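Report on the structure
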Amino acid sequence: MATRKSKAKSNTSPEELKSFYRDMLLIRRFEEKAGQLYGMGLIGGFCHLYIGQEAVVVGLEAAAKEGDKRITSYRDHGHMLACGMNPNGVMAELTGREGGYSKGKGGSMHMFSKEKHFYGGHGIVAAQVPLGAGLAFSDKYKGNDNVTFTYFGDGAANQGQVYETFNMAALWDLPVVFVIENNQYAMGTSQQRSTSSPDIFHRGEAFGIKGQLVDGMDVLAVKEAGEIAVAHCRAGKGPYILEVKTYRYRGHSMSDPAKYRTREEVQKVREKSDAIEHVRELLLQGKHATEDELKAIDKEIKAVVNESAEFAKTSPEPALDELWTDIYA
C-alpha cells in the first residue's frame with residue numbers, strides 16, 4: 001500500500017492511535033464474520049456490511065462525550081460497536097437469538113441501546129434524520145450540552161424529509177451534527193448519476209447551516225472535523241453538517257453482486273486509501289507499536305469476534321410468548 005500522510009493537525013496520542021486501530025479492526029473483522037454467518041444461513045433478511053467505512057464512526061466517537069446520542073440507517077453494525085455496544089449482543093441479534101439487543105426480534109436494522117445512547121438502525125431511507133432532530137430537541141429542551149450524531153447516506157440526502165429537518169434544526173438551533181456518510185453509491189447508483197451537486201454539504205447553506213467536506217478514509221481527519229462540529233453545537237450555534245467521503249468495499253447488501261463498478265475501482269481504493277492500513281502505517285512509522293504488538297491486537301480482536309459468533313450460535317431462539325412483549329397493543 002502507498003504511504004500517505006494525514007492532513008489533520010493531529011493531537012492524537014500513541015495510545016489513542018492504537019485504540020483507533022483496535023476499534024476499526026473490530027468493526028471490520030466483525031462484519032467479515034457476519035458475512036460468513038449470512039452465507040451459512042444463520043442470518044436472515046437483509047445484511048448491510050460496513051467494511052471500508054470504519055474510520056467514520058470511530059473518528060466521530062472520539063469527538064463525543066457521555067450523554068451524546070447517535071442514530072443511523074441500516075448499515076449500522078459499525079455504529080453499534082464504535083459506541084461500545086457488546087459484540088455478543090449485536091451478533092446474537094443479527095442471528096435472531098434471545099441474547100440479542102432486541103431479544104432476537106429486531107435483527108440488523110432494529111437494535112437499540114439506551115445505555116449507550118444508540119437509537120437505532122432504521123430501514124426506511126432518511127427516516128432517522130427527523131428522529132435525530134427530535135433527539136437533539138430533547139437535549140435543547142432539557143438545557144444540557146449534549147449533541148446528537150444523525151447519520152445518513154448520499155442516497156438519503158435526496159429525500160425531502162432531510163430538508164424539512166434542516167429547516168427545523170436551523171430554526172430552533174438544535175444541537176445536531178448531520179453526518180452524510182457519502183460512500184459514493186446509493187444502492188447501485190453512483191453519486192454522479194443521482195445528485196445534482198458535486199458536494200452535498202453545501203445544501204445546508206440555504207438554511208444557514210455550516211458544514212464541511214471530510215476525508216472519511218482518514219480517522220484523524222474525521223476526529224478533527226468532529227471536534228469542530230461538536231464544539232459548534234455545544235456552544236448553542238445550531239446544527240452542523242459533515243459530508244464524510246468514504247467507500248464501501250462490499251455490495252449494498254449481501255444480495256448485491258455490485259456489478260455497477262469494476263473490481264479495479266475497489267482494489268484501487270483498498271490499496272491507496274484503506275483507513276485501517278493508514279493507522280497501521282502511522283503506528284509503525286512513528287515507532288508507537290511493533291509488528292508483534294499489532295499482531296497481538298489482531299489476535300485479540302479475532303478472539304472477540306469468534307466469541308460473539310459462538311455466543312450467537314448457542315443463544316436460544318426467543319420463546320413464542322416473546323411475540324407479546326414490547327408492543328403497544
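Below is a short write-up of the structure. Quick caveat: nothing in here was measured; it's all calculated off a predicted structure. (Residues numbered from 1 in each chain as written. Predicted model: local features only at pLDDT ≥ 70, side-chain atom pairs only at ≥ 80, totals over all residues. Heavy atoms only, no water.)

For the protein chain, the helix and strand inventory stands at 11 helices and 7 strands. Over its C-alpha trace the protein chain gives a radius of gyration of 19 Å, about what one expects of a compact globule, namely 20 Å for 329 residues. Counting all 329 residues of the protein chain, 53% fall into the buried class. Accessible surface, the protein chain as shown: approximately 15,100 Å² in total, 53% of it carbon and sulfur. Taking the average location of the 41 positive side-chain charges in the protein chain and that of its 44 negative ones, the two points are 3 Å from each other. (Helix = DSSP H or I, 4+ residues; strand = E, 2+ residues; numbered from the N terminus. Rg over C-alpha atoms; globule rule 2.2 N^0.38 Å. Buried < 20%, exposed > 50% of the residue type's maximum accessible area, 1.4 Å probe, protein only. Areas by Shrake-Rupley, 256 points an atom, 1.4 Å probe, with all protein chains shown as cover. Lys, Arg positive; Asp, Glu negative; His and termini not counted. Charge placed at Lys NZ, Arg CZ, Asp CG, Glu CD.)

With that settled, the discussion passes to the pattern of salt bridges. According to the stated counting rule, one finds 17 salt bridges in the structure shown. For Asp274, the salt bridge identified is with Arg28, shortest N-O distance 2.9 Å. Separated by 246 residues along the polypeptide, Asp274 in the loop between helix 9 (263-273) and helix 10 (275-285) and Arg28 in helix 1 (residues 14-39) bring together distant segments of the chain. Of the residues examined, Asp274 reaches a relative accessible area of 4% and is grouped as buried. The exposure class of Arg28 is buried, given its relative accessible area of 7%. The partner of Arg280 in a salt bridge is Glu291, and the shortest N-O contact between them spans 2.6 Å. Taken together, the positions of Arg280 in helix 10 and Glu291 in helix 11 (residues 291-314) put the pair 11 residues apart, joining distant regions of the chain. (Salt bridge = Lys/Arg side-chain N within 4 Å of Asp/Glu carboxyl O.)

Reading across from one edge, 1-2-3-7-6 is the order of the 5 strands in this open sheet, with parallel pairing throughout. The open sheet has two edge strands, strand 1 (69-71) and strand 6 (210-215), and neither has a second partner. For this sheet, the mean inter-axis angle between neighbouring strands, taken without regard to orientation, is 20°. Contacts from helix 2 (residues 54-61) reach strand 1, strand 2 (148-153), strand 3 (176-182) and strand 7 (240-245), with the element oriented near 170° to strand 2. (Pairing = 2+ DSSP bridges. Axes fitted to C-alpha atoms, helices over the stretch in contact; angles between N-to-C directions. Contact = heavy atoms within 4.5 Å.)

Here we come to the packing of aromatic side chains. For the structure shown, the criterion picks out 9 aromatic pairs. On the numbers, 5.4 Å between centres and 45° between planes, the contact of Tyr185 with Tyr260 is tilted. Of this pair, Tyr185 sits in strand 4 (residues 185-186) while Tyr260 sits in the loop between strand 7 and helix 9, placing them 75 residues apart in sequence. Residue classification places Tyr185 among the buried residues on the basis of a relative accessible area of 10%. Judged by relative accessible area, which is 28%, Tyr260 ranks as partly exposed. Its end group placed over the ring of Tyr185, Arg261 keeps NZ or CZ at 5.5 Å from the ring centre. (Phe/Tyr/Trp six-rings, centres within 6.5 Å; stacked < 30°, edge-to-face > 60°. Lys NZ or Arg CZ within 6 Å of the ring centre and 35° of its normal.)

As a further point, take helix 8 (residues 219-234). In an α-helix, one turn spans 3.6 residues; hence positions three or four apart end up facing the same way. Between its first and last C-alpha atoms helix 8 spans 22 Å; for 16 residues at 1.5 Å apiece the expected length is 22 Å, and the two agree. Along helix 8, the residues classified as buried are Val219, Leu220, Ala221, Val222, Lys223, Ala225, Gly226, Ala229, Val230, His232 and Cys233. By the N-cap criterion, in which a side-chain oxygen at the helix start approaches the backbone nitrogen of a residue two or three places on, helix 8 is capped by Asp218, the distance to Leu220 being 3.0 Å. Just downstream of helix 8, Gly236 is the residue with a positive phi angle, here 80°. (Expected span 1.5 Å × (residues − 1). Polar contact = N/O pair within 3.5 Å; in protein donor to acceptor, adjacent residues only side chain to side chain.)

Two elements, strand 6 and strand 7, share 6 bridges in a ladder whose sense is parallel. In the strand pairing of strand 7, Gly211 is matched with Ile241. Each parallel crossover has a hand, and for strand 6 linked through helix 8 to strand 7 it is right-handed. (Right-handed = clockwise from strand over helix to strand, strands pointing away.)

Here the focus is the environment of Ile51. By the secondary structure assignment, Ile51 is in the loop between helix 1 and helix 2. Note on Ile51: relative accessible area 2%, which makes it buried. With residues near it in sequence (within four places) discarded, Ile51 still touches Arg28, Glu31, Glu32, Tyr247, Arg248, Tyr249, Arg250 and Arg270.

Along the polypeptide, Leu131 turns up in helix 5 (residues 128-142). Put simply, Leu131 and Gly35 are 96 residues apart on the chain and 29 Å apart in space, counted from C-alpha to C-alpha. Contact partners of Leu131, with chain neighbours within four places excluded, come to Ile71 and His122.

Quick look at helix 4 (residues 87-94) now. Counting buried residues in helix 4 gives 8 out of 8 residues, a clear majority hidden from the surface. When helix 4 is considered as a whole, its buried residues turn out to be Pro87, Asn88, Gly89, Val90, Met91, Ala92, Glu93 and Leu94. Against the buried residues of helix 4 lie helix 1, helix 3 (77-82) and helix 11. Among the residues of helix 4, the N-terminal cap falls to Asn86, whose side-chain oxygen and the backbone nitrogen of Asn88 are separated by 2.8 Å. Directly beyond the C-terminal end of helix 4, a positive phi value near 70° is found at Gly96.

Here we come to the packing of helix 4 against helix 11. Interaxial distance between helix 4 and helix 11 falls to 8 Å at its minimum, and their mutual angle equals 45°. As far as their axial angle goes, helix 11 and helix 4 are oblique. Taken as a pair, helix 4 and helix 11 cross one another with a handedness that is right-handed. Residues Pro87, Asn88, Gly89, Met91 and Ala92 of helix 4 form the contact with helix 11, whose participating residues are Val304, Glu307, Ser308, Ala309, Phe311 and Ala312. When the residues that make up the contact of helix 4 with helix 11 are grouped by side-chain class, the tally is 7 nonpolar, 3 polar and 1 charged. (Parallel < 35°, antiparallel > 145°, perpendicular 65-115°, else oblique. Left-handed = near helix turned anticlockwise from the far one by under 90°. Nonpolar A, V, L, I, M, F, W, Y, C, P; charged D, E, K, R; others polar.)

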